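Notes for the structure review
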Amino acid sequence: MVHTALRSLIVGAYLLVSATAAGADERIGSVYLAGGIAAPYQSGPSGNASQIYVKAPGGVTRGWFLGGGVRITRNLSVDTELSTTGWMTARQPSRYGMTFNEDRRDRFALFAARFHLRRERMIGVEPVAGMAWTRSEGWSQTDYSNLLEPSQPPVAGRRHRHSPATTIGPLFGCDLRIGNGPIAVVPSFRAFMSDTANGYEPYPGGYPSWTFRSGLGVRVRLGSR
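Residues numbered from 1 in each chain as written. Predicted model: local features only at pLDDT ≥ 70, side-chain atom pairs only at ≥ 80, totals over all residues. Heavy atoms only, no water.

With that settled, the discussion passes to the nonpolar core. Side chains of a nonpolar character, in soluble globular proteins, are inclined to be buried together. One finds Phe-108, Leu-110, Ala-112, Val-128, Ala-132, Leu-171 and Phe-192 forming the largest nonpolar core, which totals seven residues. Every element with two or more residues in this core is listed here: strand E7 (98-115) and strand E8 (123-144). Counting residues per element, this core draws most heavily on E7, at three residues. (Core = buried A, V, L, I, M, F, W, Y, C linked by side-chain atoms within 4.5 Å. Buried < 20%, exposed > 50% of the residue type's maximum accessible area, 1.4 Å probe, protein only. Helix = DSSP H or I, 4+ residues; strand = E, 2+ residues; numbered from the N terminus.)

We now examine unusual backbone geometry. Phi at Tyr-96 is positive, roughly 60°, even though this residue is not glycine. Tracing the backbone shows Tyr-96 in the loop between strand E6 (88-93) and E7. Taking the relative accessible area as the measure of exposure, Tyr-96 reaches 61% and is therefore exposed.

As paired strands, E7 and E8 are joined by 17 bridges and run antiparallel to one another. By the bridge assignment, Glu-102 is partnered in E8 with Ser-140. Both E8 and strand E11 (residues 165-178) contribute to a ladder of 14 bridges, which runs antiparallel. Residue pairing for E11: Val-128 is matched across the bridge by Gly-173. Bridge count for E8 against strand E10 (residues 160-161) is two bridges, and the pairing is antiparallel. Bridging from a neighbouring strand, Trp-139 pairs with Arg-161 of E10. Bridge count for E8 against strand E9 (residues 155-156) is two bridges, and the pairing is antiparallel. (Pairing = 2+ DSSP bridges.)

If you walk through the whole model with that rule in mind, you get three aromatic pairs. Relative to Tyr-207, the ring of Tyr-203 lies with its centre 6.2 Å away and its plane at 35°, an arrangement referred to as tilted. The exposure class assigned to Tyr-203 is buried, which follows from its relative accessible area of 1%. Among the residues examined, Tyr-207 registers a relative accessible area of 8% and is labelled buried. Between Trp-210 and Phe-212, the aromatic rings sit 6.5 Å apart at their centres with planes inclined by 20°, giving stacked as the arrangement. (Phe/Tyr/Trp six-rings, centres within 6.5 Å; stacked < 30°, edge-to-face > 60°.)

Mapped onto the secondary structure, Arg-135 falls in strand E8. Residues Arg-135 and Ile-168 lie 33 residues apart in sequence; the distance between their C-alpha atoms is 9.1 Å. Ignoring sequence-local partners within four residues, the contact set of Arg-135 consists of Arg-105, Asp-106, Arg-107, Pro-164, Ala-165 and Thr-166. At 3.0 Å, the side chain of Arg-135 forms a polar contact with the side chain of Glu-137. (Contact = heavy atoms within 4.5 Å. Polar contact = N/O pair within 3.5 Å; in protein donor to acceptor, adjacent residues only side chain to side chain.)

Enumeration according to the criterion identifies 15 salt bridges in this entry. In this structure, the salt-bridge partner of Asp-106 is Arg-104, at a minimum N-O distance of 3.2 Å. Here Glu-137 ties to Arg-105 by a salt bridge, and the two come within 2.5 Å at their closest N and O atoms. Taken together, the residues Glu-137 in strand E8 and Arg-105 in strand E7 connect sequence positions 32 residues apart. Classification of Glu-137 as buried rests on a relative accessible area of 7%. Put simply, Asp-79, Arg-114, Glu-126, Asp-175, Arg-177, Arg-190 and Arg-219 are held in one network by salt bridges that share partners. (Salt bridge = Lys/Arg side-chain N within 4 Å of Asp/Glu carboxyl O.)

Following this line, the structure appears as C-alpha cells:
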C-alpha cells in the first residue's frame, strides 16, 4: 500500500509539472508561495546515550517549511521562510546516579537571496544564500537513583522549561526546480548556523553549531504585481 501511494504521488507530481511546463519564465515582480516537508538534522545524542555533562539532543526529525518570495530581476529573487525541526529527545545517564531526560526543538526565520540558473528549462538550479534567525526551546527532567540502594526505583525530578535562546547566523543552500510554469515541485537543501556559546547554560556538554535540512516542497506563482 505504501509503495502504491508513493508511486501515485510521483506520477501525480509528474503530470502536474508536465501540465504547467509550457508557462513562460517568471516575470519581474511576480510573487510566489512555497511550502513542504523537511528532514532537518543536528548533531547531538538521541535515544539513550551516556554523558558526563548534559548535551543538547540532536538527530534527524520531521519538520516543515512555509514561505514565499518576489522576483527582483530575471536572475534574482528575495525569499522569506518559516520552518521548524521536530522534537529531538535524549535520555542521558550521567554521574552520581543522575539521568537527564532532554527534549528540544528549533524554529527558524530565514531571509535569503535566490539566484535563478537555467531559468527557461524544465529543471532549474537555484542557489540560495542569506541569514537565519534561530529560536531554540526545550524541556529537561532529571531522574535520581539511590547509589546506596540500587534496587530502589529512581526518583523523578520536576520537569522544567528552558528559557528560549536566539541567535542569527548565515545560511546556504540550493533548490532544484522541476517545472517552469505556475506550479513547480522543488527538492531543496539548506545549511544554516544555529550556534550559541558552547557553555549555553542548559547544555554545558555542548550545543550544535549547524542545522542541515533536506526538503521537498511545492512552489506556486501568484502572478505579476
